[in-house]
Amino acid sequence: MTARYNQSLEEVIRTLQTNIEQGLTTEEAQRRLEEQGPNALEQAKKTPMFLRFLLQFKDALTIVLLLAAVISIVIDPHEWIDSLIIVIVVVLNAILGIVQESKAEKSLEALNQMSAPKATVIRDGKKTRIDSREIVVGDILLLEAGDSVASDARLIEVHNLKVDESALTGESVPVTKEVKELEEVPLGDRVNMVFASCNITYGRGVAVVTTTGMDNEVGKIATLLMSTKNELTPLQIKLDQIGKTIGILALVVCIIVFAMEVLSGMGILEAFKTAVALAVAAIPEGLATVVTIILALSVTKMVKQNAIVRKLPAVETLGSTSVVCSDKTGTLTQNKMTVIKVYHPDTGVVRLENSDDPEVIKMLNYFTLCSDGDIVVKDGKEEAIGDPTETTLVKASLLKGYTKSDLYKEYARKEELAFDSDRKMMTVFYRYHDRLISITKGGLDVILARCDTIPNKEEILQANEHMANDALRVLAVAIREWESMPKLEPTIVEDHMTFIGMVGMIDPPRAEAKEAVSLAKRAGIRTIMITGDHKLTATAIAKDLGILEEGQLAMSGSELQNLSDEEFSEKIEQYSVYARVSPQDKVRIVKAWQSQGKVVAMTGDGVNDSPALKSADIGCAMGITGTEVAKGAAALILTDDNFATIIASIKEGRGIYDNIRKCVQFLLASNMGEVFTIFTASIVSLLTPLNLGVPLLPIHLLWVNLITDSLPAFALGTEEAESTVMERKPREKEESFFAGGLLSTIVWQGIMIGSLTLIAYIYGNSIDHNVGMTMAFLTLSTAQLVHAFNVKSHHSILNKSLFSNRYLWGAFLVGSLLQILLISVPVLSNIFKLVPLTVTQFAICILLSLSTVVICESVKRINRK
Ligand code: ATP
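Everything quoted here is computed from the prediction, not taken from an experiment.

Attention now moves to the packing of helix α10 (residues 268-282) against helix α27 (residues 698-717). Two packed helices can be described by the angle between their axes and the distance between those axes. Two elements in contact, α10 and α27, have axes whose closest approach is 8 Å; the angle formed by their N-to-C orientations is 5°. As far as their axial angle goes, α27 and α10 are roughly parallel. Mapping the contact onto sequence places Lys273, Val276, Ala277, Val280 and Ala281 in α10 and Pro698, Leu701, Leu702 and Asn705 in α27. Grouping the constituent residues of the contact of α10 with α27 by class yields seven nonpolar, one polar and one charged.

Here it is as structure tokens:
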């Protein structure tokens, strides 16, 4: 691979066979893409199917089962059918496991694809936005602050381009880029190149792609980054551990029971069967899988609600979010600006439509000249291109009869200092006839502080207050004349200016934001507005949205900077609005809330927002206006930039957590019930003259665990969030998974199911052992299918949502049907050692199963009281 930084630019362009103005043609790019492969780092090899199949056999249950199968056949070769069934079930279970895992994996992959980085290139002479993966050598890459560099490229043009290359070189200060030929130099000094995965922090530039994919500098260190291992979420880890602990406990109990039974004179074979049955009953298979699948399903669902989850654990954290810090512009407001009023020292404050003063028009034109946005006429319709703050200024000029291109006839644009939220200003240089002028626009406070010719400061401040109190966003403009082009440093350029005037524009609140704020409030979630805008403007809008309430305050960035971290943390509860803040202040706000034990969501769009997005518990990046860098740092991407989407996601997050708890409650209660049945029967047989025998065979328990348990469990995972989820306070950060009496619920419901099964068994066993087993089996499995409806809701099941989950009804019908097949098809019932039941016996089983509803409803009623 030839290095490109030490060649002349002409040579690079020639060897890469491209064209600076036109870029590549689409066909050529397609051809190169096929030849060179996608611009992506190689992923670590996926585990082959065969290996994944084998890996399914590593969990405790499977090992116990296989062992049991082998031992059964050794002890009693006539019982080979039992062993065969166990093996079939285990294999089926493994296949099911793989299918589900791949499904979850696929939906997560699709999600990654959705949040895949994009890049702007020139193709066929036109600016085009494409997936970074499609970039090829020779593409002309357009770079802008906030972009993540998509591939290594040689610079053709730069405008104050600064790049953070810390990911590659460890150098934390952004590197200023230049267009020049270099000698042989180390990576960190190759200032005429940009490198993949580094972030553009400032300015803009144009570059030609020299390498892609693994040939990029980052590819050389990519082996270090290569890992497709999906990190488990905290909940998955916790449940994995719970599962393991229960598994080990179960094995110990099994060994004890086996020993006791053998000692008390029971045959080894009988004792062994009980022990295996107990193990099968107790080990909660599928606990962690269920969670993985629920999480994967829910992220797919959230995409439809305009939220892309980039980090899986975020789904869990969402549910416990207690503070949402939101940007104002575009998130709480519509970002559809309109200039309403103007101020010029000659005229005072007037409405835009009422002013045709030549000085005012000149001021509006200065605003227009100092902006990158434009309004073009396309198919007879006006179309705004660029930042809404800027396009509304262009529009104001247009109303007075000037287009940007009209102005460009007299003004020749030279240099610029791009806008950034820290400075809250931007500057553009123009050659106007034989003069060189700089025009700067920005927030009034920052502009005033940098002007030394100000006509009437008192009046200006009053005018500003007047407009801001009307919730108008105020921008000021100032100019300065130059002899020659100065060094392009903000401190030099944006100083000693002459104040010209200001405009006040409205940015109406989003209709749905107000509702979302009040929904959040009911759910115990505090909404905080953070804005670069003026305090008065912010206050007016915050009041309107219900964010700023009686007794709450607004703070400006400079006030915040005067507080120590301790002082700030103490006072934080009082403040609902932060105005004139810089992105750095956001980090302090996040940390201060976190120090109060809160779980904080924070929105952001710019490059400098990424530290705040990273330190927040849930960083939310804007999908439309957000930079690639912000998206990369976020846990959640709001594809509609809307505040209401955050609140909807929190609701979803709470629902998902509820569902996971419901699944775990259902699965563990079932295991508990099975253990209770077997264990009680064996203790009774040991301690009393009554010989109860084994109520359920291992294959019965396997069937229940794999069919009548799993089906409803997955269905419970798809439950809609209960209507009351947003009427609760947020979950505490450190709250145990079993909080709120989940553990005791599992225990009593387990005992309930176990007792009902045992009653059926004892009744049937008094007639015949096989009748007893059949009745126990039927009661247990039907009770499970019915009990899923009890778990479905914290409220009475006899309400309108009884029919809301078609998967649950599907699970119920399929489960019941299979159950009936097992009993009525002779081949199957022989294998399962089931016998035909009389109508009375059958009815007893069904009544016992249905009584779970009566019991659970009564308990719910008592709890409610
Ligand atoms: P939010 O932080 O809620 O999105 P914001 O849009 O006001 O609000 P920034 O974009 O950081 O936040 O802008 C901060 C301030 O900079 C604005 O209040 C305004 O005074 C000024 N400003 C915004 N856009 C421009 C621009 N294009 N040119 C010059 N100044 C601007």
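This next bit is on the site of the ligand. Contacts to the ligand come from 19 residues, most closely from Lys328, Thr329, Glu390, Ser421 and Lys441. With respect to the ligand, the side chain of aspartate 387 contributes an N or O atom lying 3.5 Å from a nitrogen atom. Interatomic distance of 3.2 Å between a side-chain N/O atom of threonine 531 and an oxygen atom of the ligand. For the ligand, the protein covers 90% of the area, taking 600 Å² as the surface of the free molecule. Only β16 (435-443) and β18 (473-482) provide two or more residues apiece to the shell around the ligand. The greatest single-element share of the shell around the ligand, amounting to three residues, is contributed by β16.

In this section: the confidence of the model for the protein chain. Fine structural detail should not be taken from predicted coordinates in areas where pLDDT scores are low. Of all residues in the protein chain, 97% have pLDDT values of 70 or greater, and the mean over the chain is 88. Taken as a whole, residues 225-229 scores under 50 in pLDDT and shows seven contacts with residues more than four places along the chain or in a different chain.

Okay, the packing of aromatic side chains next. Counted according to the given criterion, the structure contains 14 aromatic pairs. Through a chain of ring-to-ring contacts, three or more aromatic side chains come together here, namely Tyr408, Tyr411, Tyr430 and Tyr432. Positioned above the aromatic ring of tryptophan 482 is the side chain of arginine 480, whose terminal nitrogen or guanidinium carbon lies 3.8 Å from the ring centre. In this structure, arginine 731 is placed above the aromatic ring of tyrosine 657, and the distance from its NZ or CZ to the ring centre is 3.5 Å.

Before going further, it helps to examine the pattern of salt bridges. This model, assessed by the stated rule, comprises 38 salt bridges. Across the pair glutamate 573 and arginine 526 runs a salt bridge, and its minimum N-O distance is 3.9 Å. Of the two residues, glutamate 573 is situated in the loop between α22 (565-571) and β22 (575-579) and arginine 526 in strand β20 (residues 526-530); the sequence distance between them amounts to 47 residues. Note that glutamate 719 is salt-bridged to lysine 792, the shortest N-O span being 3.2 Å. In this pair, glutamate 719 sits in the loop between α27 and α28 (742-765) while lysine 792 sits in helix α29 (residues 769-792), placing the two residues 73 residues apart along the sequence. Side by side, glutamate 719 and lysine 792 carry an identical accessibility label, which is buried. Connected through salt bridges with shared partners, the residues Glu28, Arg31, Arg32 and Glu35 form a single ionic network.

To continue, consider helix α30 (residues 806-824). When the terminal C-alpha atoms of α30 are compared, their 27 Å separation across 19 residues agrees well with the 27 Å that a helix rising 1.5 Å per residue should span. Those residues of α30 that sit buried are Leu808, Ala811, Gly815, Gln819, Leu822 and Ile823. Down the axis of α30, the buried side of the element spans an arc of 90°, and every buried residue falls inside it. Facing away from the buried surface of α30 by more than 90 degrees, the exposed residues are Arg806, Leu813, Leu817 and Ile820. At its buried positions, α30 is contacted by α27, α29 and α31 (826-831). One side-chain oxygen at the N-terminal end of α30 lies 3.0 Å from the backbone nitrogen of tyrosine 807; it belongs to asparagine 805.

Time to look at α27. Here α27 contains 20 residues, and its C-alpha end-to-end distance of 27 Å stays within 8% of the 28 Å for a straight helix at 1.5 Å per residue. With 17 of its 20 residues buried, α27 lies for the most part within the structure.

All right, on to unusual backbone geometry then. The residue lysine 424 is not glycine, and still its phi comes out positive at about 60°. Along the polypeptide, lysine 424 turns up in the loop between β14 (411-420) and β15 (425-432). Residue lysine 424 is classed as buried on the basis of its relative accessible area, which comes to 9%.

Attention shifts here to the nonpolar core. Ranked by size, the top nonpolar core spans 78 residues in total, and within it Leu239, Met529, Ile660 and Phe737 carry the most contacts. Ranked by residues supplied to this core, first place goes to helix α26 (residues 643-687) with 14 residues. Those residues in contact with methionine 529, other than ones at most four positions away along the chain, are Ser326, Lys328, Leu332, Ala538, Ile541, Ala542, Leu545, Ile547, Ser576, Val577 and Tyr578.

With respect to the element layout, asparagine 39 can be found in the loop between α2 (26-36) and α3 (49-55). Of the polar contacts made by the side chain of asparagine 39, one reaches the backbone oxygen of alanine 150; its length is 3.0 Å. A polar side-chain atom of asparagine 39 sits 2.7 Å from the main-chain amide nitrogen of glycine 213. In this structure asparagine 39 touches Ser132, Arg133, Ile135, Ala150, Ser151, Thr212, Gly213 and Asn216, once residues within four positions along its chain are discounted.

To continue, consider the packing of α26 against α27. Where α26 meets α27, the closest approach of the two axes is 9 Å, and the angle between their N-to-C directions is 160°. Taken together, the axes of α26 and α27 are roughly antiparallel relative to one another. Our pair here, α26 against α27, has a crossing hand that is right-handed. Here Asn659, Lys662, Cys663, Phe666, Leu667, Ser670, Asn671, Glu674 and Ile678 of α26 come into contact with α27, specifically with Leu701, Val704, Asn705, Thr708, Asp709, Pro712, Ala713, Leu716 and Gly717. For the contact of α26 with α27, a count of residues per class yields nine nonpolar, six polar and three charged.

Reading guide: rules and limits
Residues numbered from 1 in each chain as written. Predicted model: local features only at pLDDT ≥ 70, side-chain atom pairs only at ≥ 80, totals over all residues. Heavy atoms only, no water. Axes fitted to C-alpha atoms, helices over the stretch in contact; angles between N-to-C directions. Helix = DSSP H or I, 4+ residues; strand = E, 2+ residues; numbered from the N terminus. Parallel < 35°, antiparallel > 145°, perpendicular 65-115°, else oblique. Contact = heavy atoms within 4.5 Å. Nonpolar A, V, L, I, M, F, W, Y, C, P; charged D, E, K, R; others polar. Near = heavy atom within 4 Å. Polar contact = N/O pair within 3.5 Å; in protein donor to acceptor, adjacent residues only side chain to side chain. Areas by Shrake-Rupley, 256 points an atom, 1.4 Å probe, with all protein chains shown as cover. pLDDT = per-residue confidence, 0-100. Phe/Tyr/Trp six-rings, centres within 6.5 Å; stacked < 30°, edge-to-face > 60°. Lys NZ or Arg CZ within 6 Å of the ring centre and 35° of its normal. Salt bridge = Lys/Arg side-chain N within 4 Å of Asp/Glu carboxyl O. Buried < 20%, exposed > 50% of the residue type's maximum accessible area, 1.4 Å probe, protein only. Expected span 1.5 Å × (residues − 1). Arc of directions from axis to C-beta. Core = buried A, V, L, I, M, F, W, Y, C linked by side-chain atoms within 4.5 Å. Left-handed = near helix turned anticlockwise from the far one by under 90°.

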